[in-house]
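Overview (structure and organization)
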Amino acid sequence: WQDALPLLKAMVKIDPAHPYLELIMGREINKNESYYFRDRDAVALWHWKDRDTSGANAKDQQALSYFGKLEDLARQCADNPQVKDPAYWNTAAAYISYVRGDYKTAKPLLAKAEKQASENAVLMQQIRLQQLLLATDESKEITPALEEKVLPLLQDLKNSTNFYKNNALVLACQ
């Protein structure tokens, strides 16, 4: 395990527009996800409703703490006018909040990211996926209001050959 957070912070200070910042942040989030979910069923990554966000054991406490540090950096970058694509950083912060089960924080961050125009089509699709997962995770049952919220998101994501998109769709439809 190599902690790249000090590297990320140094890169932001030296060159806040460095093209590798987003790549390294994405890898750190993914690495921490793998650590957080490693002792769980392989499909647990897509069953976050069942995840334990209490930090009851030491490994979970460490992973949740690191998620918090990554989220803090993502928020700082989103507010830094010199950092490229603030929508990416708000999306990253929203995703981390989502993984930690903090939907109240994730929703406004994601809404902010959506309003920040991005030329990155993949990022815009990620925002839609996160909106879908948040909407379905927050609801305990299918209601007309949920259908109204979710159907447009599903329309944008149908007929996907992307593995991750398909997994998100399966989770949202459970």
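Residues numbered from 1 in each chain as written. Predicted model: local features only at pLDDT ≥ 70, side-chain atom pairs only at ≥ 80, totals over all residues. Heavy atoms only, no water.

Some details on the overall build of the chain
Quick reminder of the rule: Secondary structure elements are taken from DSSP: a helix is a run of H or I of four residues or more, a strand is a run of E of two residues or more, and numbering for both begins at the N terminus. When accessible area is computed with a 1.4 Å probe and restricted to protein chains, residues below 20% of their type maximum are described as buried, those above 50% as exposed, and intermediate ones as partly exposed. The contact criterion used is simple: two residues touch if any of their non-hydrogen atoms lie within 4.5 Å. Accessible surface is estimated by sampling points in the Shrake-Rupley manner with a 1.4 Å probe; for residues, cover comes only from the protein chains shown.
Of regular secondary structure, the chain possesses eight helices and zero strands. Going from the N terminus to the C terminus, the chain shows its helices and strands as α-α-α-α-α-α-α-α. Counting every position in the chain, which comprises 174 residues, the buried fraction comes to 44%. The long-range share in the chain, meaning contacts at least 24 apart out of those at least 6 apart in sequence, stands at 63%. Looking at the chain as shown, the accessible area adds up to about 9900 Å², and 53% of this sits on carbon and sulfur atoms.

Here we look at the confidence of the model for the chain
Test applied: Each residue carries a pLDDT score, the predictor's confidence in it, ranging from 0 to 100.
Per-residue confidence for the chain gives a mean pLDDT of 82, with 78% of residues at or over 70. Note that pLDDT drops below 50 for residues 42-49; the model gives that stretch 17 contacts with residues more than four away or on any other chain.

So, the packing of helix α1 (residues 5-14) against helix α2 (residues 21-37)
Selection criterion: Only the stretch in contact is used when fitting a helix axis, every axis being a line fitted to C-alpha atoms; angles between N-to-C directions are given from 0 to 180 degrees. Orientation is classified from the angle alone, with under 35 degrees giving roughly parallel, over 145 giving roughly antiparallel, 65 to 115 giving roughly perpendicular, and any other angle giving oblique. Crossings are sorted by hand: turned counterclockwise from the far helix by less than a right angle, the near helix makes the crossing left-handed, and turned clockwise it makes it right-handed. Each residue is assigned to one class: nonpolar for Ala, Val, Leu, Ile, Met, Phe, Trp, Tyr, Cys and Pro, charged for Asp, Glu, Lys and Arg, and polar for all the others, Gly among them.
It is the contact of α1 with α2, at a shortest axis distance of 10 Å, that shows an interaxial angle of 160 degrees. In terms of orientation, α1 and α2 fall into the roughly antiparallel class. Like other packed secondary-structure pairs, α1 and α2 cross with a definite hand, here left-handed. Between α1, through L5, L7, L8, M11 and V12, and α2, the contact on the second element is made entirely by L21, I24, M25 and E28. Of the residues that constitute the contact of α1 with α2, the class distribution is eight nonpolar, no polar and one charged.

Concerning the packing of aromatic side chains
In plain terms, the rule: Put simply, two rings from Phe, Tyr or Trp (the six-membered ring, in Trp's case) pair if the centres are within 6.5 Å, and we call them stacked under 30 degrees between planes, edge-to-face over 60, tilted for the rest.
One pass over the structure, following the stated rule, counts two aromatic pairs. Ring geometry for Y88 and W89: centres 5.0 Å apart, planes at 90 degrees, overall edge-to-face.

Section: the nonpolar core
Our working definition: Residues enter a nonpolar core if they are buried and are Ala, Val, Leu, Ile, Met, Phe, Trp, Tyr or Cys, with the set joined through side-chain atoms within 4.5 Å.
Grouped together as the largest cluster of nonpolar side chains are 41 residues, with contacts concentrated most on M25, I29, L70, W89 and Y98. At the level of secondary structure, the elements contributing two or more residues to this core comprise α1, α2, α3 (58-79), α4 (86-99), α5 (103-115) and α6 (121-138). With ten residues, the single largest contributor to this core is α4. Excluding residues that lie within four positions of it along the chain, W89 makes contacts with L21, E22, M25, A74, C77, A78, V83 and K84.

Thoughts on the side chain of S97
As for its placement among the helices and strands, S97 is situated in helix α4. A relative accessible area of 0% places S97 in the buried class. Sequence-distant contacts of S97, that is, excluding residues within four places in its chain, are made with E71, D102, T105, A106 and L109.

Observations regarding the pattern of salt bridges
Put simply, the rule reads: Here, a salt bridge means any side-chain nitrogen of Lys or Arg that lies within 4 Å of a carboxyl oxygen of Asp or Glu.
Under the definition given, this model contains five salt bridges. Across the salt bridge formed by E28 and K31, the nearest N and O atoms sit 2.6 Å from each other. Of this pair, E28 and K31 both sit in helix α2, three residues apart, roughly one helical turn. Judged by relative accessible area, which is 3%, E28 ranks as buried. Between E71 and R100 there is a salt bridge, and its shortest N-O distance comes to 2.5 Å. With E71 in helix α3 and R100 in the loop between α4 and α5, this residue pair connects regions lying 29 residues apart in the sequence. Residue R100 is classed as partly exposed on the basis of its relative accessible area, which comes to 23%. Taken together, the shared-partner salt bridges connect E71, R75, R100 and D102 into one network.

What to know about α6
What counts here: Expected helix span is computed as 1.5 Å times (number of residues minus one). For the purposes of these results, a polar contact is taken to be a pair of N or O atoms within 3.5 Å, where, inside protein, one atom must be able to donate a hydrogen and its partner to accept one; residues adjacent in sequence count only when each atom of the pair is a side-chain atom.
Compared with the 26 Å implied by 1.5 Å per residue over 18 residues, the 26 Å span of α6 between its first and last C-alpha is a close match. Among the residues of α6, those classed as buried are L123, I127, L129, Q130, Q131, L132, L133, L134, A135, T136 and D137. Residue N120 occupies the N-cap position of α6, its side-chain oxygen lying 3.0 Å from the main-chain nitrogen of V122.

Some thoughts on α2
The end-to-end C-alpha separation of α2 is 24 Å, in line with the 24 Å expected for 17 residues at 1.5 Å each. Turning to α2, its buried residues number three or more, namely L21, I24, M25, E28, I29, N32, E33, Y35, Y36 and F37.

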